[in-house]
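# Fold and contact review
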Amino acid sequence: MSKIPIGCEPMVGSLTPTNKNKYKMTYKIEERNKQKNNNKKEDKRPLYAIVFNFIDSLYFNLFAAVGGNRVTVYRCLEGGIIAVLQSYIDEDKDESFYTVSWACNIDGNPLIVAGGINGILRVIDAGNEKIHKSFVGHGDSINEIRTQALKPSLVISASKDESVRLWNVHTGICILVFAGAGGHRNEVLSVDFHPSDIYRIASCGMDNTVKIWSMKEFWTYVEKSFTWTDLPSKFPTKYVQFPIFIASVHNNYVDCNRWLGDFILSKSVDNEIVLWEPKMKEQSPGEGTVDILQKYPVPECDIWFIKYSCDFHYKAAAIGNREGKIFVWDLQSSPPTLIARLSHVQSKLPIRQTAMSFDGSTILSCCEDGTIWRWDVVATS
């Protein structure tokens, strides 16, 4: 095993919050999304994902949350209030949505893309509250969907079927499948587009690895997907079998990864988020070294499928844990600085995902008991 040179150990953040920003809990809402168990009692369905709309500045205060067979759209109002705008209920009552992302049509119409246990991507037209398209292709459940911010009609999905797929929501085409000889060897749990390099994505999963892929040599197919007029099923979908980089940064499931510029933030079930730099060998794709830069501890975060979120400019990250607490980390400081630790006496269950607003002033969390919590920065005089 390669040793870390002296002086190159990663910087580990302190769990003493600076309270640079003070947040207070302003609202709690419970999704009326219940299912009856065998004793005819009602169980509250867990919410697995929550996400603000960063695609269109008109809708920055809108967010979507998913759990069970329901996708709900909310608006954050002044004074710490949350208003329900619309709700979509899937025709299959056994559907359980795990992930949701905002996208838009080429005419700029807001779309919501959700996926879960059935392996079908549901594309919902938020304007008329109807299904726009349904994409079938994955052979198992969908764990995460992300949207390409530079081209928001492109979305990518990570699946239990060990593949990642790139879709065009405007034409309904599956353009690329990232799987095969060099692909993941277990469930893919998370995927993300590079913020500025439109060809690059990163994926991670239950095989304990993070893989970086390039679409550069297949980009003509991406362009072709926008002008395709034949049936989507006749499109020459291409397989990308080999990533350009494979990293083993963690010794366990990696369930969330995000680009931070050219660096990667990744999280496993070992109570920390790790910031690292992939150092690729241009001559030998797939090979290279990893420089671990910083570690952001998150106590009691040792169960899988807990995902963090960042504000629009990636200044901060918020992550929940299995005890209902939220840790807010400054991503621009070294060593890492804990901005705030948020807790409430009634919040005791796992927080599956957080959502930070555009400027980071609002943090949302969605929980195992079907509740959504809102925290807002307290204005300092």
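In this report, we go over the structure that sits alongside the text. (Residues numbered from 1 in each chain as written. Predicted model: local features only at pLDDT ≥ 70, side-chain atom pairs only at ≥ 80, totals over all residues. Heavy atoms only, no water.)

## Side note on the pairing of strand β14 (residues 154-159)
Along β14, 6 of the 6 residues are buried, which leaves the element largely enclosed by surrounding structure. Residues Leu-154, Ile-156 and Ala-158 line one face of β14 and the alternating positions Val-155, Ser-157 and Ser-159 line the opposite face, and both faces are buried. Hairpin geometry of strand β13 (residues 142-147) and β14 is characterised by an intervening segment of 6 residues between the two adjacent antiparallel strands. Two strands pair when backbone bridges link them, and β14 and strand β15 (residues 164-168) are joined in this way by 5 bridges, in the antiparallel orientation. For Ser-157, the partnering residue across the bridge sits in β15 and is Arg-165. With antiparallel pairing between neighbouring strands as the criterion, β14 and β15 make up a hairpin whose turn holds 4 residues, including Glu-162 at a positive phi of roughly 75°. (Buried < 20%, exposed > 50% of the residue type's maximum accessible area, 1.4 Å probe, protein only. Helix = DSSP H or I, 4+ residues; strand = E, 2+ residues; numbered from the N terminus. Pairing = 2+ DSSP bridges.)

## Description of the packing of aromatic side chains
Applying the stated criterion to the full structure yields 18 aromatic pairs. Taking the centre distance of 6.4 Å and the plane angle of 40° together, the rings of Phe-60 and Phe-312 count as tilted. One end of the pair, Phe-60, is in the loop between β5 (49-52) and β6 (62-67); the other, Phe-312, is in the loop between β26 (309-310) and β27 (316-320), with 252 residues separating them in the sequence. According to the relative accessible area criterion, Phe-312 is partly exposed, its value standing at 34%. Following the ring pairs from residue to residue traces out a cluster consisting of Tyr-48, Tyr-98, Tyr-253, Trp-304 and Phe-305. One residue, Lys-307, lies across the ring of Phe-305, its end atom 4.8 Å from the ring centre. (Phe/Tyr/Trp six-rings, centres within 6.5 Å; stacked < 30°, edge-to-face > 60°. Lys NZ or Arg CZ within 6 Å of the ring centre and 35° of its normal.)

## Some points on the pairing of strand β28 (residues 326-330)
Burial analysis of β28 places 5 of its 5 residues in the buried class, which makes it a mostly covered element. Sheet analysis places β27 next to β28, joined by 5 bridges and oriented antiparallel. Looking at the pairing, Ala-316 lines up with Asp-330 of β28. The hairpin formed by β27 and β28 contains 5 residues between the paired strands, and Gly-324 there has a positive phi angle of roughly 80°. As defined by bridge partners, β28 adjoins strand β29 (residues 337-342) across 5 bridges and the pair is classed as antiparallel. Among the inter-strand pairings, Trp-329 is bridged to a residue of β29, identified as Leu-338.

## What about the sheet that holds strand β1 (residues 11-12)?
Pairing is mixed in the open sheet, where 5 strands are placed in the order β1-β25-β24-β23-β22. Only two strands of the sheet have a single neighbouring strand rather than two, namely β1 and β22 (254-260). Summarising the sheet, strand β24 (residues 272-280) and strand β25 (residues 288-297) pair through 9 bridges and their orientation is antiparallel. Following the sheet pairing, Leu-275 is matched in β25 by Gln-294.

## Quick look at helix α1 (residues 219-227)
Taken residue by residue, α1 has Trp-219, Tyr-221, Val-222 and Ser-225 as its buried positions. Each buried residue of α1 lies within a common arc of 160° when the element is viewed along its axis, so the set occupies one face. Counted as exposed and oriented over 90 degrees from the buried face of α1: Thr-220 and Thr-227. (Arc of directions from axis to C-beta.)

## Topic: the nonpolar core
Counting residues in hydrophobic clusters, the biggest one holds 22 residues, and the most contacted among them are Ile-156, Leu-166, Ile-175, Leu-176, Phe-178, Ile-201 and Met-215. A per-element tally of this core places strand β16 (residues 173-178) first, with 4 residues. Sequence-distant contacts of Phe-178, that is, excluding residues within four places in its chain, are made with Ile-156, Glu-162, Ser-163, Val-164, Leu-166, Ile-201, Trp-213, Met-215 and Val-240. Grouped together as the second largest cluster of nonpolar side chains are 17 residues, Leu-275, Cys-301, Ile-306 and Trp-329 included. (Core = buried A, V, L, I, M, F, W, Y, C linked by side-chain atoms within 4.5 Å. Contact = heavy atoms within 4.5 Å.)

## Some words on the sheet that holds strand β10 (residues 110-116)
Pairing in this open sheet of 4 strands is antiparallel, and the strands run β9-β10-β11-β12 from one edge to the other. Looking at strand neighbours, the two that pair on one side only are β9 (97-104) and β12 (130-136), the edges of this open sheet. Shown here is a sheet whose adjacent strand axes are inclined to one another by a mean of 20°, direction ignored. Of the strand pairs in this sheet, β10 and strand β11 (residues 120-125) are connected by 4 bridges, and their pairing is antiparallel. Across the sheet, the residue bridging to Ile-112 is Ile-124, located in β11. (Axes fitted to C-alpha atoms, helices over the stretch in contact; angles between N-to-C directions.)

Functional significance is not addressed by these values, which are geometric in nature.
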